[in-house]
Amino acid sequence: MKRVVITGAGTINALGHSVPETLHAMREGHCGIGELEFRDVERLAIRIGGQVRGFEAEGRFNRQQMSLYDRFTQFTLTAAKEAIDQSGLNFHGELAAKSGVVLGTAGGGVSTWDENYRSVYEEGKNRVHPFVVPKLMNNAAASHVSMEHNLKGPSFTVSTACASSNHAMAQAFSMVRSGMAPVMVTGGSESMLCFGGVKAWEGLRVMSKDACRPFSANRNGMVQGEGAGIFVFEEMEHAKARGAEILCEVAGFAMSSDASDIVMPSKQGAARAMAGALADARINPGDVGYINAHGTGTAANDKTECAAVADVFGRHADSLMISSTKSMHGHLIGGTGAVELLACIMALRDGVIAPTIGYEEPDPECALDVVPNEAREAKVEVVLSNAFAFGGLNAVLALRKV
């Protein structure tokens, strides 16, 4: 089996329009969550979110491209360019033929759905743009990244709600590790912050009206965000041969299904995914220094995740640092694991642990070191990134310092 490393990273999210901006915000404990700004927001009960601000799509894409790119695709292409530019790769010849794209999203072109439902049902129009279907389909972003960067190998989209990005990155990792592809562009994106997108989530009654406070006893729900995180996964020897800068190693992964409830998480399912990732990477639990938690800020998720960590790590759980960056950038649903992977890379490369901001009151059922409110300097060699989705679909990545 080949070893897999990350040689490029790109992002756009509520904390920044690039990786350096995002990592700076994480170090400083900035909050990207604020008042939402879009049509009919006044009709919503939930009016806050991790919205990407100052993003001018018209200045990045031409008119023809705009007719094909939903906002989630625009985010993906922006982040993919940053990641591929950092990697220094140019895809041509055999490298192009074998390299591909695996991306995660839960909603795909939600903004396009919203706009066109409004046009047909509210405004009474009888026709929509001929490119509505290719604009809203979940695989649009993966397809456009493959076309933009000449990636002709395995390319597809994974949709598993909040675990979509981690599942996608796990598939990319497997392809590179097995030798199927020397390089895979992977990650995820989401843009549900429009009237219809938020209105649907309101119905679940899991959303906060004021802030995301994971692990804090006075938490009152999750907050949505939007954006993208994209990475270049590359076979280690291939990267070394060309003198590439290596950000970290992807050491292992595991996936599990709770097979119990469509919305309520299972401690056993989460624990099996974490333990499986450690086993796949051949890492002892005591070697893990940091976990980027799923940490949504709902009581059910936070308590279940902390209990699962305690089961897997035993006494070492008290020495672990575990934080949720959703408190800063919001929950990007299908794109969230990809943005959160940036915090894992920062922990390994820079020795900076991103905080859980908004933490106000200790919760006895979440009695772990949640790195409250302020980033921390600490040397760690191994980290985990957790994603636990509606439907009981769990995906955990293990990363190692190189």
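From a predicted model like this one, the values you see are computed outputs, not experimental measurements. (Residues numbered from 1 in each chain as written. Predicted model: local features only at pLDDT ≥ 70, side-chain atom pairs only at ≥ 80, totals over all residues. Heavy atoms only, no water.)

Description of the nonpolar core
Where a protein is soluble and globular, its nonpolar side chains tend to be buried together.
Part 1 of the reasoning: Counting residues in hydrophobic clusters, the biggest one holds 47 residues, and the most contacted among them are Ile6, Phe231, Phe233 and Leu399.
Part 2 of the reasoning: Listed by contribution, the elements that provide at least two residues to this core are strand S1 (4-13), helix H1 (19-28), helix H8 (164-178), strand S7 (227-235), strand S8 (248-257), helix H14 (336-350), strand S11 (352-353) and strand S14 (393-400).
Part 3 of the reasoning: With sequence-adjacent residues up to four places away left out, Phe231 is seen in contact with Ile6, Gly8, Ala9, Ala83, Met169, Met184, Val185, Thr186, Ala338, Leu341, Leu342 and Ile345.
Part 4 of the reasoning: Formed by 31 residues, the second largest nonpolar core is a distinct cluster that contains Leu278, Val288, Leu320 and Leu368. (Core = buried A, V, L, I, M, F, W, Y, C linked by side-chain atoms within 4.5 Å. Buried < 20%, exposed > 50% of the residue type's maximum accessible area, 1.4 Å probe, protein only. Helix = DSSP H or I, 4+ residues; strand = E, 2+ residues; numbered from the N terminus. Contact = heavy atoms within 4.5 Å.)

Regarding the pairing of strand S9 (residues 288-292)
Part 1 of the reasoning: Counting buried positions along S9 gives five out of five residues, so the element sits mostly inside the fold.
Part 2 of the reasoning: For S9 and strand S10 (residues 321-323), the ladder comprises three bridges, and the chain directions are parallel. Looking at S10, one finds that Ile291 is bridged to Ile322.
Part 3 of the reasoning: The handedness of the S9 to S10 crossover, carried by helix H12 (residues 299-313), is right-handed. (Pairing = 2+ DSSP bridges. Right-handed = clockwise from strand over helix to strand, strands pointing away.)

Observations concerning the sheet that holds strand S13 (residues 382-389)
Part 1 of the reasoning: A sheet is described by the order of its strands in space; here ten strands give the open sequence S5-S4-S6-S7-S1-S8-S14-S13-S9-S10, paired in mixed fashion. Strands at the two margins of the open sheet, each flanked by one partner only, are strand S5 (155-158) and S10. When the angles between neighbouring strand axes are averaged without regard to direction, this sheet yields 25°.
Part 2 of the reasoning: In this sheet, S5 lies alongside strand S4 (residues 100-104) in parallel orientation, the contact comprising four bridges. Bridging across to S5, Gly104 finds its partner in Val158.
Part 3 of the reasoning: Along the sheet face, helix H7 (residues 140-149) touches S4, S5 and strand S6 (183-190) and points at about 155° away from the line of S4. (Axes fitted to C-alpha atoms, helices over the stretch in contact; angles between N-to-C directions.)

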